[in-house]
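Summary of structural features
Listed below are the residues making up each chain.
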Amino acid sequence: MEGNSPEIVSPQTGPHARLDEVVQRHRDHDWRAPLHAPTVAQFARWRAGHDRAASLVVDLGCGHGDSTLGLAERHADARLLGVDQSAHRLARLAPDGFAVHGRATLMRAEAAAVLRLLAADGLRIDVLYLLYPNPWPKPEHLMRRWHGHPVFPLLLATARRIILRTNWGIYADEFAQAAQWLGRASELRVLAPDVDVLTPFERKYRSSGHARFELVSDDA
């Protein structure tokens with residue numbers, strides 16, 4: 001049902017006090033955790049059919065995949081890759097965990113591992129979408145947010161443009177602060193009510209009267 005989504009509640013009233021410390025640690029120490037084996041296999045399957053010359057748009061945390069198919073209409077000359085780790089969410093559009101819909105591929109995989117594999121293969125992302133990720137609003141969950149995750153420096157290095165949308169302003173502020181700390185500027189705005197939604201979650205948040213924030217960060 002639309003229009004009944006609760007506001008995000010958090011003890012935080014601003015960016016996390018340890019954000020810069022965490023980002024610095026991840027910058028100075030490469031993340032060397034073992035790669036998720038099923039994701040390696042999925043990536044190889046996708047890579048075998050990918051045209052390296054094509055523009056690449058990635059929808060991380062694509063949910064059911066509707067957002068990825070919608071983004072294909074916005075990026076008419078690109079190849080789209082939608083990634084989500086939930087078999088349940090992908091069951092309708094990618095029941096086997098891997099499905100091709102025209103220029104868009106939906107893939108069940110671990111998102112951070114996909115970023116590492118793209119980087120290792122020398123593939124740049126032209127536009128990376130982070131659309132309404134779970135913001136993990138408890139302060140102790142900072143490292144579960146994208147900008148607090150060990151893969152964040154690689155995320156910035158791999159994506160030429162990042163477009164993030166969230167209904168928690170602190171999340172967007174933290175992302176911008178973390179990116180700035182690593183030398184990358186961002187522009188942040190509050191979306192007007194008539195700005196098109198990109199995901200089913202965003203439609204629900206708009207119907208519930210939530211503020212919607214959009215951050216855009218380009219690689220200088």
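It should be noted that the structure appears before, not after, this text.
Summary of the structure given here. Nothing here was measured: the structure is a model prediction, and the numbers come from that model. (Residues numbered from 1 in each chain as written. Predicted model: local features only at pLDDT ≥ 70, side-chain atom pairs only at ≥ 80, totals over all residues. Heavy atoms only, no water.)

**What to know about the overall build of the protein**
- Tallying secondary structure elements over the protein gives eight helices and eight strands in all.
- The C-alpha atoms of the protein give a radius of gyration of 17 Å, which matches the 17 Å a tight globule of 220 residues would have.
- By its C-alpha atoms, the protein is 45 × 45 × 30 Å across when sized along the principal axes.
- Burial analysis of the protein (220 residues in total) assigns 50% to the buried set.
- Restricting the contact set of the protein to residue pairs at least 6 apart, pairs at least 24 apart contribute 75%.
- Split by element, the accessible area of the protein, about 10800 Å² in all, is 50% carbon and sulfur.
- Across the protein, the centroid of the 27 positively charged side chains sits 4 Å from that of the 26 negatively charged ones. (Helix = DSSP H or I, 4+ residues; strand = E, 2+ residues; numbered from the N terminus. Rg over C-alpha atoms; globule rule 2.2 N^0.38 Å. Buried < 20%, exposed > 50% of the residue type's maximum accessible area, 1.4 Å probe, protein only. Contact = heavy atoms within 4.5 Å. Areas by Shrake-Rupley, 256 points an atom, 1.4 Å probe, with all protein chains shown as cover. Lys, Arg positive; Asp, Glu negative; His and termini not counted. Charge placed at Lys NZ, Arg CZ, Asp CG, Glu CD.)

**Regarding the pairing of strand E5 (residues 125-131)**
- The element E5 is extensively covered by neighbouring structure, given that six of its seven residues are classed as buried.
- Direction of pairing for E5 relative to strand E6 (residues 159-166): parallel, over a ladder of six bridges. In the strand pairing of E6, Leu130 is matched with Leu164.
- In the classification by handedness, the crossover that spans E5, the intervening helix H6 (residues 152-158) and the parallel E6 is right-handed. (Pairing = 2+ DSSP bridges. Right-handed = clockwise from strand over helix to strand, strands pointing away.)

**Let's talk about the environment of Glu73**
- Considering the arrangement of structural elements, one finds Glu73 in helix H3 (residues 66-74).
- Once the C-alpha coordinates of Glu73 and Ile8 are considered, the two residues, 65 residues apart in sequence, prove to be 31 Å apart.

**A short note on the packing of helix H1 (residues 19-28) against helix H7 (residues 169-181)**
- Running from amino to carboxyl end, H1 crosses H7 at an angle of 45°, the nearest separation of the two axes being 10 Å. In this view, H1 runs oblique relative to H7, as classed from their interaxial angle. Crossing of H1 against H7: the hand is right-handed. For the pair H1 and H7, contact is made by Leu19, Asp20, Val23, Gln24 and Arg27 and by Glu174, Gln177, Ala178 and Trp181, respectively.
- Class assignment for the residues of the contact of H1 with H7 results in four nonpolar, two polar and three charged. (Axes fitted to C-alpha atoms, helices over the stretch in contact; angles between N-to-C directions. Parallel < 35°, antiparallel > 145°, perpendicular 65-115°, else oblique. Left-handed = near helix turned anticlockwise from the far one by under 90°. Nonpolar A, V, L, I, M, F, W, Y, C, P; charged D, E, K, R; others polar.)

**Examining H1**
- Residues of H1 that are buried include every one of Leu19, Val22, Val23 and His26, and no others. When H1 is viewed along its axis, its buried side chains cluster within an angular range of 95° and face the same direction.
- Buried residues along H1 sit in contact with H6 and H7. (Arc of directions from axis to C-beta.)

**Looking at the environment of Glu140**
- You can see Glu140 is positioned in the loop between E5 and H6.
- Sequence separation between Glu140 and His16 is 124 residues, and the spatial gap between their C-alpha atoms is 9.6 Å.

**Focus: the environment of Phe43**
- Residue position: Phe43 is located in helix H2 (residues 37-48).
- When the C-alpha atoms of Phe43 and Trp146 are compared, they prove to be 21 Å apart, with 103 residues separating the residues in sequence.
- Ignoring sequence-local partners within four residues, the contact set of Phe43 consists of Met107, Val114, Leu117, Leu118 and Asp121.

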